[in-house]
Amino acid sequence: MSGLGKLLRSTAFRLLLAYLFVFTVFAFFTIGYVAWNARRVLDDQIVSTIEAEITGLSEQYRTGGIRRLVNVIERRASEPGASLYLVTTNAGERIAGNVAELPPGILSRPSPPSATSCIGEGPECQYRETPYGRTGETEAGAHRAIVRVFTLTGGFRLLVGRDVEERARLREVIRRAFGWSLLLVGVLGLLGGWFITRRVLKRVDDMTETTRTIMAGDLSGRLSVRGSGDEFDRLAQNLNAMLDRIGELMAGMKEVSDNIAHDLKTPLTRLRNKADEALRNARTPEELRAALDATIEESDNLIRIFNALLMIARLEAGNARETLADFDAAEVARGVAELYEAVAEEAGVPLEVAVDPDLPVHGNRELLGQAVANLLDNALKYGRPAEPGIAPRVGVEARRSGDRMTIAVADRGPGIPEAERGHVTERFVRLESARSRPGFGLGLSLAAAVARLHGGLLRLDDNAPGLRAVLELPLSPRPTGEVDTASAVRARGSSEGLEPAVRRP
């Protein structure tokens, strides 16, 4: 398609044409209304002038009779101007004045002839617009005027009028101004439309070219932002944010694929070797049963890994939003802490719990419990002090902070270096110090995904010594009210059924 064709078929150009049409129609009616009102004002002024002159001439007639009236009219008729005067007898014979020709019937005041039109409103047509001829001119009906015929005592008729040539000139001026205005609006509108549409098409073409580059596989391409804050900048910013997110997901998929290939290779190899060893070396049913138990245990570990991966994928895709409801996060934190009291006592680690009452959250009770359980399980397993002389302790806190709430799990272990804290929430990421211990590097990933699902975040802070993992979530504006007993029992049962199959690095 040619450049002109693209220009004419663009949405911006069509919108501009529509606006130009609407503006032209509006201008047409506006100028027409102004012209109509200007004509009416001029007609009213002419009528007022005629009325004043008739009043004065009638007074002259009453004072000095027909002779004085004729003298006044002769004097006024000889002066240059637009005023018209005519005095006739009752039979229509001209006595004095500067009007030579009139349509038939004007002086006798019947209904207006076809050549005349009535001015004003009322039962009688006192003022008429009519053609006329001036005294001394050969061309009859060459002018038009508004006139009134007044009958004097004695049967004489007095016609007073005013030429409307000024009104015709004004109408012609308005007509020319209207024509030139429409022409100017049309030309400037088309030129402005061409200029604006070219600029719009330029930005659209730039965006199209960038999207083609991205579709070709180069996800590093971004739409240009000029900083004007217009709709194109807002669209480009949103699309760039979307591309950034897509790039992160693609990089995450690649990293997950690499990690899966690396981290699952060892358990799969171990599973195969155990099965092969059982086939070659097992001689008794007890040896075969032991080999099968070890195989089942390795299979369960693999199943837990894939379940955790599927759960994280569902959370990041937002597929768990249909299960969101209002619940009390304080009850969840207390329930999970109660479940781990026995584990903490067996491990010889004091467990301290401090939970504020009534922390309403809109989300998924089971998923939040799973996240808190993962953090608490990590703290108990990896939160032992690395230095002598420091007593082990794990604390669970749930606090209200303005319109948000936090659930914090703190330990006194070696912690996580600050440079690694943004990296350990990724899937299958484990620190070197944790690779010799059970785990797969998915616990913090799952907790971070749960926090994002609830509109919050997972924050890893220094506990000096140790690690403080904080789930920060927005509070629900709706009060939780009294917690239903059956719901609390179900939540406790769900928490008891949670087996944190994932480990913190």
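Use the structure listed above.
Residues numbered from 1 in each chain as written. Predicted model: local features only at pLDDT ≥ 70, side-chain atom pairs only at ≥ 80, totals over all residues. Heavy atoms only, no water.

Asks: Report on the packing of helix α7 (residues 329-339) against helix α9 (residues 365-382), specifying residues and quantitative values.
Replies: Relative orientation of the contacting elements α7 and α9 amounts to 45 degrees, with a least axis distance of 9 Å. Here α7 is positioned oblique relative to α9, judged by the angle of their axes. The handedness of the crossing between α7 and α9 is right-handed. Between α7, through A329, E331, V332, V336 and A337, and α9, the contact on the second element is made entirely by R365, L368, G369, V372, A373 and L376. (Axes fitted to C-alpha atoms, helices over the stretch in contact; angles between N-to-C directions. Helix = DSSP H or I, 4+ residues; strand = E, 2+ residues; numbered from the N terminus. Parallel < 35°, antiparallel > 145°, perpendicular 65-115°, else oblique. Left-handed = near helix turned anticlockwise from the far one by under 90°. Contact = heavy atoms within 4.5 Å.)

Asks: Outline unusual backbone geometry, supporting the account with residue identities and numerical values.
Replies: Glycine aside, the phi torsion of most residues is negative, and most peptide linkages are trans. Looking along the chain, the bond that leaves A464 and enters P465 is cis, with omega of 0 degrees. As for its placement among the helices and strands, P465 is situated in the loop between β13 (457-462) and β14 (467-474). Phi angles above zero are rare outside glycine, and D358 is one such case at about 55 degrees. Inspection of the secondary structure assignment puts D358 in the loop between β9 (351-355) and β10 (360-363). With a phi close to 50 degrees, A464 is a non-glycine residue in the positive phi region. Here A464 shows up in the loop between β13 and β14. Residue class for A464 comes out exposed when judged on its relative accessible area of 63%. (Buried < 20%, exposed > 50% of the residue type's maximum accessible area, 1.4 Å probe, protein only.)

Asks: Please set out the pattern of salt bridges residue by residue, giving values where relevant.
Replies: Tallied over the entire structure, the rule returns 19 salt bridges. A salt bridge links E331 to R334; the shortest N-O distance between them is 3.0 Å. Here E331 and its partner R334 are both found in helix α7, three residues apart, which amounts to about one turn of the helix. Given a relative accessible area of 31%, E331 falls into the partly exposed group. In this structure, R468 engages E397 in a salt bridge whose closest nitrogen and oxygen atoms are separated by 3.5 Å. Placement of R468 in strand β14 and of E397 in strand β11 (residues 394-401) is noted, with a sequence separation of 71 residues between them. Residue classification places R468 among the partly exposed residues on the basis of a relative accessible area of 24%. (Salt bridge = Lys/Arg side-chain N within 4 Å of Asp/Glu carboxyl O.)

Asks: Can you lay out the sheet that holds β14 for me, pointing to particular residues and giving the numbers?
Replies: Across the sheet, which stays open at both edges, the five strands sit in the order β9-β11-β12-β14-β13 with mixed pairing between neighbours. Looking at strand neighbours, the two that pair on one side only are β9 and β13, the edges of this open sheet. Adjacent strand axes in the sheet meet at a mean angle of 15 degrees when their direction is disregarded. In this structure, β11 lies alongside strand β12 (residues 404-410), joined through seven bridges in antiparallel fashion. Each residue of the ladder has a partner; that of G395, found in β12, is A410. Taken strand by strand, α7 contacts β9, β11 and β12, and its axis lies near 170 degrees from that of β9. (Pairing = 2+ DSSP bridges.)

Asks: An account of the packing of aromatic side chains is needed here, citing residue identities and associated values.
Replies: Counting across every chain of the model gives three aromatic pairs. For the ring pair F28 and F29, a centre distance of 5.6 Å and an interplane angle of 80 degrees mean the geometry is edge-to-face. Look at F29 and you get exposed, because its relative accessible area is 58%. (Phe/Tyr/Trp six-rings, centres within 6.5 Å; stacked < 30°, edge-to-face > 60°.)

Asks: Give a detailed account of the side chain of R134, specifying residues and quantitative values.
Replies: With respect to the helices and strands, R134 occurs in strand β5 (residues 127-134). For the buried R134, no salt bridge is present, and the opposite-charge side chain at shortest range is D163, 4.6 Å distant. A polar contact of 3.4 Å, which involves the side chain of R134, links it to the side chain of Y132. The contacts of R134, once residues within four sequence positions are left out, are G81, A82, S83, L84, N98, A100 and H143. (Lys, Arg positive; Asp, Glu negative; His and termini not counted. Polar contact = N/O pair within 3.5 Å; in protein donor to acceptor, adjacent residues only side chain to side chain.)

Asks: So what about the nonpolar core? Which residues, and what values?
Replies: Membership of the largest hydrophobic core comes to 50 residues, with the highest contact counts inside it found for L368, L375, M405, I407, L458, L460 and L471. Those elements that place two or more of their residues in this core are α6 (285-317), α7, α9, β11, β12, α10 (443-453), β13 and β14. A total of nine residues in this core trace back to one element, the largest contributor, which is α9. Setting aside residues up to four positions removed in sequence, L368 forms contacts with F327, A329, V332, I407, V450, L471 and L473. In terms of nonpolar packing, the next biggest core, distinct from the first, is built from 19 residues, L69, Y85, I146 and L158 among them. (Core = buried A, V, L, I, M, F, W, Y, C linked by side-chain atoms within 4.5 Å.)

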